[in-house]
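# Working through the structure, step by step
Chain by chain, the residues:
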Amino acid sequence: MLVPAPLAVIAIALLIYLSAPYLPRLLYEGYPTQRWPAPGSYTAVGSSYEPPPMPSAASLRISARAQALFNQNGGTAMLVWQGGMLRAEHYASDAGPQTRFNSFSMVKSLVGALVLRAHAEGYIADLSDPLGDYLDDIGDTDFRRVTVEQFLTMRSGVVFENGGVKAMSGLETKPVDAGTFNPFSPIARLHMLGLGALAPGLRSDTDRIGQFDYQNVNTAILGKLVSAVYNRPLEEILAEKIWRPSGAGDALWRLAGRDKPVSAYCCLFATARDWVRVAVYLSRNGAPGDRFLPPRLWRRYFGQAVSEQQRLHGHYGTQVFHNLLDRPGERLQGPFTYMIGRSGQTAYMMPQRDLVVVRFGDRIPLLHSTLYAAWDSVEPDNIASRD
């Protein structure tokens, strides 16, 4: 017997709702926006705070080459810091120093830094410890045997997302966020329900443990880990350990829902200047007299043990990327570390040059060319370290 059309529609709607009860909220929020304001639930990182003035050069114009790349790749902000001051700063016509941009996956790199800080402070005894030593309510027994380090380096073998991740910058496998957003996918469920709703069912493929596979859920797990070992919300830990010490102003971090934890892998809204402050803080390993990490962990974060060959192919470390500048004829050469988000939100760090470049935009830029062009904007007479 045929079911009357209205009843069939109601039945289908009910099935959809039962399988994805978050859909009405997802339809309201949509895909995460590029700039603040954004729909959804958010929490403050830090408190109301006016950052101190940023030391700046007399002229903050970006170079002609940087301007051309900025225009070609849908740039919205580009800032160049070197040698203790801001050397260049440029925005699209509808953005400025007060604009809060969405970090997308850039925030993963801060969560990675917090894992290392938790290890340095003794909250995580060893990065080779099984995850289950700290989280006993996640996944099955085999999943809890995977080490903290394997989640930190995206080599956990977790079975979660399937493909759809764009390659860039020669990285050997999948480096940035998924290009499509299926409302019924595991990542959509993670985004709308939070890790707690999915944690019991997580598992790893033992054949894939040790292989690089970029998946957002790894960072969500690390966020839960850091929060658990400190017994505090992740946003408070970030504010205390990195955000406030760097001198950054208040920011807003997306919650998976009202009264749920933050989305550790995504969506911290902050100004480009504050991302400069944070990147400088990490590059300098904290402030004078207040070291952020022990030297061995700081060196690890910046990939100083990563070989030149690994960098040439693109390497993923402890929630940060490592690469190499080696183009003949360019003044800037050597290794660099960077944070990146799905549309090319990028914070480049070259501690050996005291150089930080922050770039926001609507499309992924040319990774190396952008950094070469940024160096053009540095006043030659003020370069702190030269070949």
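Coordinates for the structure precede this section.
Here is a short report on the structure shown in this document. The shown structure was predicted, so the numbers you read here are calculated from the model rather than taken from an experiment. (Residues numbered from 1 in each chain as written. Predicted model: local features only at pLDDT ≥ 70, side-chain atom pairs only at ≥ 80, totals over all residues. Heavy atoms only, no water.)

This part takes up the pairing of strand β5 (residues 251-254). What you see with β5 is no split at all: A251 and W253 on one side and L252 and R254 on the other are buried throughout. Judged from the four bridges that link them, strand β1 (residues 42-45) and β5 form a sheet pairing that is antiparallel. By the bridge assignment, A44 is partnered in β5 with L252. By the bridge criterion, two bridges tie β5 to strand β6 (residues 268-271) in an arrangement that is antiparallel. Bridging across to β6, L252 finds its partner in F269. (Buried < 20%, exposed > 50% of the residue type's maximum accessible area, 1.4 Å probe, protein only. Helix = DSSP H or I, 4+ residues; strand = E, 2+ residues; numbered from the N terminus. Pairing = 2+ DSSP bridges.)

Right, let's get into the sheet that holds β1. Here we have four strands laid out as an open sheet, ordered β1-β5-β6-β4, and antiparallel in their pairing. The sheet is open, and its two edges are formed by β1 and β4 (100-102), each paired on a single side. Averaged over all neighbouring strand pairs, the angle between strand axes comes to 30 degrees, with direction disregarded. Relative to β1, helix α9 (residues 234-243) is tilted by about 25 degrees, and along the sheet it contacts β1, β5 and β6. (Axes fitted to C-alpha atoms, helices over the stretch in contact; angles between N-to-C directions. Contact = heavy atoms within 4.5 Å.)

Further remarks concern the nonpolar core. L110, W243, L268, W275 and L282 are the most contacted members of the largest nonpolar core, which has 83 residues in total. By residue number, the principal contributor to this core is helix α4 (residues 106-120), which donates nine residues. Once you skip the residues sitting within four places of it in the chain, L282 turns out to touch L110, A113, I242, F292, W298, Y301, F302, M339 and M349. (Core = buried A, V, L, I, M, F, W, Y, C linked by side-chain atoms within 4.5 Å.)

Further remarks concern the pattern of salt bridges. Tallied over the full model, the rule gives 19 salt bridges. The partner of E29 in a salt bridge is R254, and the shortest N-O contact between them spans 3.4 Å. Residue E29 is found in helix α2 (residues 23-29), and its partner R254 is found in strand β5; the two are separated by 225 residues along the sequence. A salt bridge links D274 to R277, with the nearest nitrogen and oxygen atoms 2.8 Å apart. Of this pair, D274 and R277 both sit in helix α10 (residues 272-283), separated by three residues, roughly a single helical turn. (Salt bridge = Lys/Arg side-chain N within 4 Å of Asp/Glu carboxyl O.)

Let us look at the environment of L222. Mapping L222 onto the fold places it in helix α8 (residues 216-230). Given the relative accessible area of 1%, L222 is considered buried. A sequence separation of 110 residues divides L222 from G112, and the C-alpha atoms of the two residues are 7.7 Å apart. Ignoring sequence-local partners within four residues, the contact set of L222 consists of V111, V115, V148, F151, L152 and Q319.

Quick look at the packing of aromatic side chains now. Tallying each qualifying case throughout the model produces 19 aromatic pairs. For the ring pair F101 and F360, a centre distance of 4.7 Å and an interplane angle of 15 degrees mean the geometry is stacked. Residue F101 is found in strand β4, and its partner F360 is found in strand β13 (residues 355-361); the two are separated by 259 residues along the sequence. Here F101 matches F360 in class, with each residue buried. Here F212 and Y316 contribute two aromatic rings whose centre-to-centre distance is 5.4 Å and whose plane-to-plane angle is 40 degrees, an arrangement assigned as tilted. One end of the pair, F212, is in the loop between α7 (186-193) and α8; the other, Y316, is in strand β9 (residues 315-316), and 104 residues separate them in sequence. For the pair F212 and Y316, one class covers both residues: buried. Three or more aromatic residues joined by ring pairs make a cluster, and in this case those are F212, Y214, Y316, F321, F336, Y338 and Y348. (Phe/Tyr/Trp six-rings, centres within 6.5 Å; stacked < 30°, edge-to-face > 60°.)

Mapped onto the elements, N285 comes out in the loop between α10 and β7 (286-287). Overall, the relative accessible area of 10% leaves N285 in the buried class. Polar contacts involving the side chain of N285 include one to the main-chain carbonyl oxygen of L293, which spans 2.8 Å. Apart from residues lying up to four places away in sequence, N285 is in contact with D290, R291, F292, L293 and W298. (Polar contact = N/O pair within 3.5 Å; in protein donor to acceptor, adjacent residues only side chain to side chain.)

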